[in-house]
Amino acid sequence: MRAKRSILNLSFGLGSQLITILLGFFIPRLIMVNYGSEANGLIASIVQIISYLALLEAGVGAASLQALYKPVAGNDRSHINSILAATSSYYKKTGIYYFFAVVLIAVVYPLVIQAEISAISIMVIILLTGLGGAINYYFQGKFRILLIAEGKSYVETSIVTAANILNNVVRIVLLLQGVNIIAVQASFFVLTLLQIVAFYVYMNRNYKWIDLSLKPDFEAIGQKNSVLVHEISYLVFRNTDVLILTLFTNLKIVSIYVMYNMIFTIVDNIVQTVNGSVKSALGQSYHESKAEFLKLYDAFEVYFMGLIFAILTVVYILILPFMRLYTAGVNDVNYINFWLPVLFVTIKLLTNVRTSSNNVITIAGHFQKTQNRSILESAINLIASIIFVLFMGIYGVLMGTIVALLYRSIDIVVYASKVLLNRSPWVTFKRWFTNLGVFLLIITVTTTLDLNISSYVGVILWGMILGAVILPVYFIISSVLERDVFLYSLDHFKGYRAKKSKVTSGSKVSV
């Protein structure tokens, strides 16, 4: 059942990402062409600032998820309900804060930003961007956490994907018609409300046993404040760069950053979809058998790391040719820059290769014991980024993030390995260096090739060719160097295929 749900989560998640990527590419370009780079930078900065309000959910969301793994594994519905009751109480209280925070941002932001767009327009855009999230947070947050804990992320993914498709199609049509940017954002708000209705219908039909009137188990989510510290650190890395660039440079520079970050955010979403599809299985395994968990963990780390490096290798090779095509005709600022891909790839490698180690800390619930490390990471990032941006502009915020990541990524691996896995961190570090060596070798080889990409079709074809070659290279090298992991993974895969074949043949007989 866990393997099946993991595969469903992965399939639905990657399918969702593919659809979102295809539709999402049109919107920033249409905004730049029709309204200019400043409008693109404005909307991106608003989205990033609104995303900070996720901090209201961050602590209780992750703490509830960690608390739910054990009762979900044991099908203890009474305990699940008591945890959800506590979670629901917190969501309702902070949902009010969320609403007023959006209103406050809408009032203050136009006063501190310099832009040709009117203050009233900016205010309305912020309200339309943020209020849908506030309503969704208030009503559906607790149910989303339960679905993730049960390994049913594919349900949420399906609903969100359907809403995203409708949202993107409507926005594209409106942008092609050249309508006011406020009307474009209004469509986002309306479709967010429809998404809430879809969640309500699903939960009402499939989870009739949920009873939030039970005594709330606030102790189960007692680490929410410590979790919040970790989530602040995560949001700092995802969103602070745009805020600092907005305050210390201008919206055109923000637009350059956003265009490159758009590509690498897609990479983040893909690899985190893979991680999320397996994390519930890892979480439940951790509470059942540590020996089996360690085997599953090693298999996940080896091949997940290979996937990260493979995707980022392909993106690094193709990003500048793609950016030349994507920004053709946009002449108010130069988007082509050799060093930005280098810095972004460095950030994404340091961010994602620590994922498996970070999973262990999260699953084990070591939030409070590691919160000071997260505080230090955030402080390094903020201070270094603000100092560097004054001298190096857009490069400065990226360098500040890299400095902080070098400290924290190493720290996470050392802590998870020594404290929770009881082994040397060099097991993971060797995997880092192996994949880095392969990355540098492939980049060295491909720089001698003239790919001659002059169309989007060329980008897609070269992406498919490079992916078909590069991904197996990483996996084969990892399998050769990690023979025990390879054999375990192979047996695990064969066992799943055998169970699937047995179920299929059994179904045929019953018919």
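Residues numbered from 1 in each chain as written. Predicted model: local features only at pLDDT ≥ 70, side-chain atom pairs only at ≥ 80, totals over all residues. Heavy atoms only, no water.

1. Let's talk about the overall build of the protein chain
Regarding its fold elements, the protein chain presents 18 helices and zero strands. When each of the 511 residues of the protein chain is scored for burial, the buried share is 53%. Summing over all exposed atoms, the protein chain offers an accessible surface of approximately 23300 Å²; the carbon and sulfur share of this is 67%. (Helix = DSSP H or I, 4+ residues; strand = E, 2+ residues; numbered from the N terminus. Buried < 20%, exposed > 50% of the residue type's maximum accessible area, 1.4 Å probe, protein only. Areas by Shrake-Rupley, 256 points an atom, 1.4 Å probe, with all protein chains shown as cover.)

2. As for a nonpolar patch on the surface
On the surface, a cluster of nonpolar side chains totalling about 960 Å² of accessible area is made up of I96, Y97, F99, F100, V103, L104, V107, V108, L111 and V112. By the secondary structure assignment, V108 is in helix α5 (residues 77–112). Residue V108 is classed as partly exposed on the basis of its relative accessible area, which comes to 38%. (Patch = residues over 30% accessible without salt bridge, like charges linked within 9 Å, V, L, I, M, F, W, Y side chains within 5 Å. Salt bridge = Lys/Arg side-chain N within 4 Å of Asp/Glu carboxyl O.)

3. Topic: the packing of helix α10 (residues 251–286) against helix α12 (residues 339–352)
Packing of α10 against α12 leaves a shortest axis separation of 11 Å and a crossing angle of 30°. Judged by the angle between their axes, α10 and α12 are roughly parallel. Our pair here, α10 against α12, has a crossing hand that is right-handed. Counting all contacts with α10, which are made through I256, Y257, Y260, N261, F264, D268, V271 and Q272, the residues of α12 involved are L340, P341, F344, V345, K348 and N352. Tallied by class, the residues present in the contact of α10 with α12 amount to nine nonpolar, three polar and two charged. (Axes fitted to C-alpha atoms, helices over the stretch in contact; angles between N-to-C directions. Parallel < 35°, antiparallel > 145°, perpendicular 65-115°, else oblique. Left-handed = near helix turned anticlockwise from the far one by under 90°. Contact = heavy atoms within 4.5 Å. Nonpolar A, V, L, I, M, F, W, Y, C, P; charged D, E, K, R; others polar.)

4. Here's the deal with the environment of V124
Secondary-structure assignment places V124 in helix α6 (residues 119–149). Overall, the relative accessible area of 28% leaves V124 in the partly exposed class.

5. Section: unusual backbone geometry
With the exception of glycine, the majority of residues adopt a negative phi angle, and the majority of peptide bonds are in the trans configuration. Non-glycine residue N422 carries a positive phi angle of around 55°. When you line up the elements, N422 lands in the loop between α15 (394–420) and α16 (426–446).

6. Some points on the packing of aromatic side chains
By the definition in use, this model includes 17 aromatic pairs. Linked through ring pairs, Y257, Y260, F264 and F344 together constitute an aromatic cluster. (Phe/Tyr/Trp six-rings, centres within 6.5 Å; stacked < 30°, edge-to-face > 60°.)

7. A few points about α15
With 27 residues, α15 should reach 39 Å at 1.5 Å per residue; the first-to-last C-alpha distance of 38 Å fits that figure. Taking the largest bend as the criterion, α15 deviates by roughly 25°, centred on L405. After α15 finishes, the residue N422 shows a positive phi value of roughly 55°. (Expected span 1.5 Å × (residues − 1). Bend = angle between axes of the 7 residues up to and from the residue.)

8. Quick word on the confidence of the model for the protein chain
Looking at the protein chain, the pLDDT average stands at 80 and 85% of residues meet or exceed 70. Model confidence for the protein chain, summarised as mean pLDDT per element, is weakest for helix α1 (residues 2–24) at 62 and strongest for α16 at 93. Between residues 507–511, whose pLDDT stays under 50, and residues either more than four places distant or in other chains, the model counts zero contacts. (pLDDT = per-residue confidence, 0-100.)

9. With respect to helix α17 (residues 456–481)
An α-helix turns once every 3.6 residues. As a result, residues three or four positions apart point the same way. Its 26 residues place the ends of α17 37 Å apart at the C-alpha level, agreeing with the 38 Å of an ideal helix rising 1.5 Å per residue. The largest bend along α17 reaches roughly 25° and is located at G467. The complete set of buried residues in α17 reads G458, V459, L466, I470, Y474, S478 and S479.

10. A few points about the pattern of salt bridges
With the rule as written, the count across this model stands at nine salt bridges. With its nearest N and O atoms 3.2 Å apart, the salt bridge here joins D298 to R431. Of the two residues, D298 sits in helix α11 (residues 290–326) while R431 sits in helix α16, which places them 133 residues apart along the sequence. Judged by relative accessible area, D298 falls into the buried class, the value being 13%. Overall, R431 belongs to the buried group, its relative accessible area being 6%. Where salt bridges share partners, they join D298, E301, R423, R431 and E482 into one cluster.

11. Considering the side chain of T362
Relative to the elements of secondary structure, T362 occurs in helix α13 (residues 355–364). If near-sequence neighbours (up to four positions away) are discounted, T362 is found in contact with Q66, K279 and F367.

12. So, the side chain of E482
Residue placement: E482 occurs in the loop between α17 and α18 (483–510). There is a polar contact of 2.8 Å between the side chain of E482 and the side chain of R431. Setting aside anything within four residues of it in sequence, one finds E482 in contact with V302 and R431. (Polar contact = N/O pair within 3.5 Å; in protein donor to acceptor, adjacent residues only side chain to side chain.)

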